[in-house]
2 protein chains.
Amino acid sequence: MDIIPIILAGGSGTRLWPRSRQAMPKQFLNFTSANSLLVDTVLRMSGDARFSAPVVSSAAEHGFLVARELAAAGIQPKAILVEPEKRNTAPAISAAARYLCDASGEDAILCIVPADHIVGDAPALRRAIVEGAAAAARGFIVMIGIKPAEAATGYGYIEAGEPITDHARKVKRFVEKPDLATAERFLGEGRFLWNAGMFIARAGTILSEMRKLCPDVASAAEAALAAAKTGNLIKLDQASFAKSPSISFDYAVMEKTSLAAVVPADIGWTDIGSWSALRDISDKDGDGNSIRGDVYASNCHDCLMESDGRLLVALGLEQLAIVQTRDATLVAPLNRAQDLSAAVAALKDKGRPEIASHTKVHRPWGWYDSLFQAPGYQVKELMIAPGEAISLQLHRHRSEHWVVLSGEARVTRNNEVFTLRPGQSTVIPVGARHRAENPGTGELHIIEVQLGDYLGEDDIVRFEDRYNRI
Amino acid sequence: MDIIPIILAGGSGTRLWPRSRQAMPKQFLNFTSANSLLVDTVLRMSGDARFSAPVVSSAAEHGFLVARELAAAGIQPKAILVEPEKRNTAPAISAAARYLCDASGEDAILCIVPADHIVGDAPALRRAIVEGAAAAARGFIVMIGIKPAEAATGYGYIEAGEPITDHARKVKRFVEKPDLATAERFLGEGRFLWNAGMFIARAGTILSEMRKLCPDVASAAEAALAAAKTGNLIKLDQASFAKSPSISFDYAVMEKTSLAAVVPADIGWTDIGSWSALRDISDKDGDGNSIRGDVYASNCHDCLMESDGRLLVALGLEQLAIVQTRDATLVAPLNRAQDLSAAVAALKDKGRPEIASHTKVHRPWGWYDSLFQAPGYQVKELMIAPGEAISLQLHRHRSEHWVVLSGEARVTRNNEVFTLRPGQSTVIPVGARHRAENPGTGELHIIEVQLGDYLGEDDIVRFEDRYNRI
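Rules behind the numbers
Residues numbered from 1 in each chain as written. Chains lettered and ligands numbered in written order. Predicted model: local features only at pLDDT ≥ 70, side-chain atom pairs only at ≥ 80, totals over all residues. Helix = DSSP H or I, 4+ residues; strand = E, 2+ residues; numbered from the N terminus. Rg over C-alpha atoms; globule rule 2.2 N^0.38 Å. Buried ≥ 20, exposed ≤ 12 C-beta atoms within 10 Å, placed from the backbone. Contact = placed C-beta atoms within 7 Å. Domains from an automatic or database assignment. Nonpolar A, V, L, I, M, F, W, Y, C, P; charged D, E, K, R; others polar. Pairing = 2+ DSSP bridges. Axes fitted to C-alpha atoms, helices over the stretch in contact; angles between N-to-C directions. Core = buried A, V, L, I, M, F, W, Y, C linked by C-beta atoms within 7 Å. Arc of directions from axis to C-beta. Least-squares fit on C-alpha atoms with pLDDT ≥ 70 in both. Parallel < 35°, antiparallel > 145°, perpendicular 65-115°, else oblique. Left-handed = near helix turned anticlockwise from the far one by under 90°. Expected span 1.5 Å × (residues − 1).

Caption draft 1: Looking closely at the overall build of chain A. Along the backbone of chain A there are 12 helices and 27 strands. In summary, chain A has a C-alpha radius of gyration of 24 Å against a globular reference of 23 Å for 470 residues, a match within 12%. Judged by the C-alpha coordinates and their principal axes, chain A covers about 75 × 60 × 40 Å. Looking at chain A as a whole, 48% of its 470 residues are labelled buried. Partitioning the intrachain contacts of chain A with sequence separation of at least 6 by distance along the chain shows that 67% fall at a separation of at least 24.

What follows is the structure, encoded as structure tokens:
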């Protein structure tokens, strides 16, 4: 048997803001493990002969991050498909199924899993997938149904019906986020399972069901793949992809198909959909507090407290989430997760940069980190990865002063090219064409002091860019 | 009549941490006014012919700050007395009384007030002081007794006895921090007043009572004044001053003297002795929140929320203090002020720099602000005031890169002297003797990037320092 994982890494949730941002959603963060959720998701289905290399589906802005994360973990994916726009899961799954049907045939068994969940018991997950694959081979679209641990009201439920195989049952119906009384009844009755957003099916089954049940999604996604730009990343064609409605695979297919099946599983699953859920699965001190970073807590109970880089003093608190990052801090009761989504939406409407990204922004060439900003100047740290370079560019409104911290910089400044080593510095005047390259084998770190009346990222004229950003 | 204010500015409280720090206690901060508490305290008793220029008593580390604050406000003090060590209020008052007895005679009427309180009704305060001065002229030591606004348990109470003048009464007894039942009884009875730490007396009365009631304080403080270094600041002699016990004027004199009197007053007084007290007197929104800085609050009630320079998002909170500064954040219930003192003491024991000072540190020549620190480097902003200079110095473990943001820098580097203007930069290699001066009439701002394996402030060899720090 050869099961091909499709990893859905295109999400951009707000429920763990300010740790997660649009530019760095939770699949790229690490929580209970040293790896990112994405890498752990991939590793969970590797090293097992029954599983082959994955296809990863990514949002446009995160394609290079997916590639870098996988490369750093030594993972060679079958492909990375890049969605040019956010259109929810249905078109992403359609394109991936089309890709694998072409590459591996319509009988290939696909296992579609989100990149941003935690699974405590990976062998149990693999066992459940293999169990589901038997029903998938017979033409079903099989979901992993999580045995409920509590009367949760925040999940969708699947009611299991008549048996298909030893392990799989037909889906009788879906119930989205029940009230508490209903959830308590479900917990008692035993045949209701949480929908974890994981699906196992033949490539051909998915394609034919999508063509039948959501033909507008299927035709847009398949056309986007046919017209994709291929390379390190397979970039789906934007014009075609944009014709798809934005819809989840659950709504577009699962709630309509007669082929829905479910395999009950007990795999230590959580979607860490809130700070409260994260606290639940984290290590806690004797007072029930989950603490990370530079925190001094006294007489606090059942709190989640995190600090990135500055002292947090918390006194006499109960059941609060306090999450302090370099540019934003959240303080809210752990049981008020819904308020956070509304606040993030309101702040996004105000155009607050703290919603879009961290002070540290990843780029194809490395990253920059805004250390400090004030009227008239800004200080950044740049990291240029080995062999990489920023584009040949100029700024009309700012001069830049570079001090090399570590590594070796090859600097182009108008017609000069010269090398700077740690402790050396140079000036890039307003209007000078310039570039910094890292010709070495280690990281190049530079402190950049920008001076000018306007310091926005959009004051840039690019002449040459190896990442095709001109 | 000529009343001479003595402003006690030597305190270093912890109750408003992290806004106040050891290096920047609350008398140097502003709260409900644009001025610091110190400046408002002085201004409250100026512009009135009955009051003369003040004597200000300061802790050693804050002498230059007092001088700078007063100069910026256009205030010419009679003198600034600098206490070489913290010894509470009794020796500070003794030295100031001795100074004014010498300068103005033993009949001079002194009015001693703390520099870190808020008084809402300054005319009422001046009226009460003038009323007290009449009794002081007759040899009493007169306290301002605040008419209680509530049954507070955190203050000391004065019980007023028989009348001396139209306004002043003898003090019958002192009651320190009563329990709630007692405080409620006091509030009902009407003759109990809060002790605001303000005293009016003849210079000669204070000297003679101190020589009688606390001769060890009086002899140490008077000897410290006799051996003081005079100049812009009058620096009391450390060896003499250190012989005084550390004791308050209340304990050393007021609880023992037979000359204690009190003038009841209603002056809108608070010692802002807690975040809760600050919230009480601050402007509040319709939900009872006092908000300052970049704060997004939703569904919060009766909170104090402050943020210095980064976004704070507060959701669904009640009666919390959240105070976010550049390097430290406090989250605590407003009614748990006592926990804060214990936490600050514990953090001080751990040697945490966040207790000692802000990232911005004031120096006689201007200030520096630590913008960012990481292993191997640190970025600071320096402000050198017009006509000032840092000492001629060298560092054994770090190089420094200077970029001038604004103003003009005269740089000494080994045997060279050169000028840098905005946008120009230079390097100070490890071991190079160097100095930066501001020869101009505006502020000089420099970004300093330090590189090295050790970046502590104590890696400094000073060769020449106009502030006598060698």
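Caption draft 2: Structural view of the domain arrangement of chain A. Residues and elements named next belong to chain A. Domain boundaries assigned for chain A yield domain 1 (3-270), domain 2 (275-354) and domain 3 (360-464). Placing a centre on the C-alpha atoms of domain 1 and another on those of domain 2 gives a separation of 29 Å. Contacts between the two partners involve 10 residues from domain 1 and, on the opposite side, 14 residues from domain 2. Here the residues of the side of domain 1 that touches domain 2 sort into 5 nonpolar, 3 polar and 2 charged.

Caption draft 3: The pairing of strand S9 (residues 192-202) of chain B, seen in detail. Residue and element names in this part refer to chain B. Within S9, 11 of the 11 residues are buried, which leaves it mostly tucked inside the rest of the structure. Note: strand S4 (residues 109-114) against S9, 4 bridges, orientation antiparallel. The residue of S9 that forms the bridge with Ile109 is Arg202. Note: strand S6 (residues 141-146) against S9, 4 bridges, orientation antiparallel. Following the sheet pairing, Ile146 is matched in S9 by Trp194.

Caption draft 4: Region of interest: the sheet that holds strand S18 (residues 366-374) of chain A. All names here are of chain A. What the 6 strands build is an open sheet, ordered S17-S18-S19-S26-S21-S24; its pairing is antiparallel. A strand with exactly one partner marks an edge of an open sheet, and here the two such strands are strand S17 (360-363) and strand S24 (425-428). This sheet shows a mean twist of 20° between the axes of neighbouring strands, independent of strand direction. Sheet topology note: the S17/S18 ladder contains 4 bridges and is antiparallel. For Arg363, the partnering residue across the bridge sits in S18 and is Gly366.

Caption draft 5: Just the sheet that holds strand S18 (residues 366-374) of chain B, in detail. Residues and elements named next belong to chain B. The strand order across the open sheet built from 6 strands is S17-S18-S19-S26-S21-S24, with neighbouring strands paired in antiparallel fashion. One side of each edge strand has no neighbouring strand; the edge strands of this open sheet are strand S17 (360-363) and strand S24 (425-428). Recorded for the sheet is a direction-independent mean angle of 20° between the axes of neighbouring strands. Across 4 bridges, strand S21 (residues 398-406) lies against S24 in antiparallel orientation. Directly across from Glu400, in S24, lies its bridge partner Ile428.

Caption draft 6: Region of interest: the environment of Val66(B). Residues and elements named next belong to chain B. For Val66, the location among the structural elements is in helix H2 (residues 63-72). Note: C-alpha distance between Val66 and Val403 (337 residues apart in sequence) is 30 Å. Not counting chain neighbours up to four residues away, the residues in contact with Val66 comprise Ala9, Leu38, Val56, Ser58 and Ile80.

Caption draft 7: Structural context of the nonpolar core. If you look at the biggest cluster of nonpolar residues, it comprises 246 residues, and the most contacted ones within it are Leu110(A), Val142(A), Ala314(A), Leu110(B), Val142(B) and Ala314(B). In contact with Leu110(A), not counting residues within four places along its chain, are Ile4(A), Ile6(A), Ala97(A), Leu100(A), Ala201(A), Ala203(A) and Ile206(A). Grouped together as the second largest cluster of nonpolar side chains are 46 residues, Val379(A), Val379(B), Ile384(B) and Leu405(B) included.

Caption draft 8: Geometry of helix H6 (residues 203-213) of chain B. Residues and elements named next belong to chain B. Considered for burial, the residues of H6 that qualify are Ala203, Thr205, Ile206, Glu209 and Met210. Each buried residue of H6 sits inside an arc of 160° when the element is viewed along its axis, so together they form one side. Among the structural elements, helix H3 (89-104), S4, S6, S9, helix H7 (215-226) and helix H9 (249-254) are those in contact with the buried residues of H6.

Caption draft 9: Fine view of the relation of the copies chain A and chain B. Under the fitted operation, chain A is carried onto chain B by 0.0 Å of movement along the axis and a turn of 180°, and the coordinates agree to an RMSD of 0.1 Å. Here the transformation between the copies is reduced to the relation of a two-fold axis. Interface overlap between copies: 100% of the residues of chain A at the interface are likewise at the interface in chain B, consistent with a symmetric, same-surface contact.

Caption draft 10: Representation of the packing of helix H3 (residues 89-104) of chain A against helix H7 (residues 215-226) of chain A. Residue and element names in this part refer to chain A. As a packed pair, H3 and H7 sit with axes 8 Å apart at the nearest point and diverge in direction by 55°. Regarding the angle of H3 to H7, the classification is oblique. H3 and H7 meet at a crossing whose hand is right-handed. Contacts from Ala90, Pro91, Ser94, Ala95, Arg98 and Tyr99 of H3 reach H7 at Val217, Ala218, Ala220, Ala221, Glu222, Ala224 and Leu225.

Caption draft 11: Highlighting helix H11 (residues 337-349) of chain A. Across its 13 residues, H11(A) extends 19 Å between first and last C-alpha, which sits within 8% of the 18 Å expected from 1.5 Å per residue. Along H11(A), the positions that sit buried rather than exposed are Leu340(A), Ala343(A), Val344(A) and Leu347(A). Taken around the axis of H11(A), the buried residues stretch over an arc of 100°, which confines them to a single face. The outward face of H11(A), more than 90 degrees from its buried face, is lined by the exposed residues Ala345(A) and Asp349(A). In the core, the buried residues of H11(A) are packed alongside strand S16 (328-333) and helix H12 (353-356) of chain A together with strand S13 (290-298) and strand S14 (304-315) of chain B.

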